[in-house]
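# A look at the structure
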Amino acid sequence: MAGRAGHVRGSSRGDLPAEGDAAEAAPLLGALAVVGSALAGHALAGRRRQGQGRSRQRAQQVVRQAASGGYLKARERRDGHGWIKEDPEFNPGEASGASVTVELKKRPMGISRYTHGEGGKGAMVVEMTEKARYPGDPRGQCAVGGVKKNMIVKSINGTDVAGWDFSDIMDMLEDTEGDANCTQEAKAAWEARPRNHQAVALPATVTFQESAPSARAPPAPRLHRSPAPGTLEAEASRTPSSTRRRRRRRAFPSPLATAACATPAQAA
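Residues numbered from 1 in each chain as written. Predicted model: local features only at pLDDT ≥ 70, side-chain atom pairs only at ≥ 80, totals over all residues. Heavy atoms only, no water.

## Notes on the packing of aromatic side chains
- Scanning the entire structure with this criterion turns up zero aromatic pairs.
- Lying over the aromatic face of Trp-190, Arg-193 brings its terminal NZ or CZ to 3.8 Å of the ring centre. (Phe/Tyr/Trp six-rings, centres within 6.5 Å; stacked < 30°, edge-to-face > 60°. Lys NZ or Arg CZ within 6 Å of the ring centre and 35° of its normal.)

What follows is the structure, encoded as structure tokens:
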């Protein structure tokens, strides 16, 4: 028995790795962990790049337009207008909805941000003041005149600008909100930017038109079907969930509850 126990103890000690081997393997395991985390991060970045889709293509168009002297991204413009990736896509030449004409007398006009359409053309209302705060509120001019989100700028003082470059339309409107955080150097650089059109004199008439349905239509709402009267589905919809649970427990008791309620005779 003693010999057998000694054999067992000896074999168990022999199976354990030596401390020197564990010390030598630690750097290798650390390196493998670093390589694995790097590969996982690279794979995640690849999936994010693939998921950008059309937004990435549109961003490339923005970069090309900016290289030719245009400012299309919202963060590149001091007036707050410009494109961000959540904006709807639209073709300004396909606008065929109802239109409204507004006489704008003061700046700011009430449109917080415009975005551009395909190829950097056109200007669509995406953010605006939707209600005047008081009579004569300049930020409520467009809302009072009937302008809504997803309308495009059709004309300015009778000149059709729907297919113009976004930067040219913004230069004509010059609808700028005051920014207390903007430095004098940044303001001077923005004023000195190259531009094809000067700001239109006020008062000015601006016509807005509803965009194509594909650019502004929200997802179709789900239709909830009412259950037929007298069916189990209709009964379930009228019965509270707590009552339905009690009925299920009575109809189908659990084995544990049945065993607990059984009499000694039944248990025997």
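## Brief notes about a positive patch on the surface
- Judged by side-chain charge, Arg-245, Arg-246, Arg-247, Arg-248, Arg-249 and Arg-250 come together as a positively charged surface patch.
- Position of Arg-247 relative to the elements: it lies in helix 9 (residues 241–251). (Patch = residues over 30% accessible without salt bridge, like charges linked within 9 Å, V, L, I, M, F, W, Y side chains within 5 Å. Areas by Shrake-Rupley, 256 points an atom, 1.4 Å probe, with all protein chains shown as cover. Salt bridge = Lys/Arg side-chain N within 4 Å of Asp/Glu carboxyl O. Lys, Arg positive; Asp, Glu negative; His and termini not counted. Charge placed at Lys NZ, Arg CZ, Asp CG, Glu CD. Helix = DSSP H or I, 4+ residues; strand = E, 2+ residues; numbered from the N terminus.)

## So, the confidence of the model for the chain
- Chain-level statistics for the chain give a pLDDT mean of 75 and a share of 60% at 70 or above.
- Scored below 50 in pLDDT, residues 1–14 makes zero contacts in the model with residues more than four places away or belonging to other chains.
- Counting interchain partners and residues more than four positions distant, the pLDDT-below-50 stretch residues 217–224 has zero contacts. (pLDDT = per-residue confidence, 0-100. Contact = heavy atoms within 4.5 Å.)

## Describing helix 5 (residues 166–173)
- Most of helix 5 is tucked away, with eight of its eight residues classed as buried.
- Within helix 5, burial applies to Phe-166, Ser-167, Asp-168, Ile-169, Met-170, Asp-171, Met-172 and Leu-173.
- On its buried face, helix 5 is in contact with strand 2 (111–115), strand 4 (151–156) and strand 6 (204–210). (Buried < 20%, exposed > 50% of the residue type's maximum accessible area, 1.4 Å probe, protein only.)

## Section: the pairing of strand 3 (residues 124–128)
- Burial of strand 3 is extensive: four of the five residues sit out of reach of the surface.
- Here strand 2 runs beside strand 3; their pairing, made up of four bridges, is antiparallel. In the sheet register, Thr-115 faces strand 3, and the bridge partner there is Met-124. (Pairing = 2+ DSSP bridges.)

## Some words on the pattern of salt bridges
- Per the counting criterion, the structure on display carries 10 salt bridges.
- Linking Arg-113 and Asp-87 is a salt bridge whose minimum nitrogen-to-oxygen distance equals 2.8 Å. Of the two residues, Arg-113 sits in strand 2 while Asp-87 sits in the loop between helix 3 (54–67) and strand 1 (99–104), which places them 26 residues apart along the sequence.
- Judged by its relative accessible area of 6%, Arg-113 falls in the buried class.
- On the accessibility criterion, Asp-87 (9% relative accessible area) is buried.
- A salt bridge links Asp-160 to Lys-154; the shortest N-O distance between them is 3.6 Å.
- Given a relative accessible area of 28%, Lys-154 falls into the partly exposed group.

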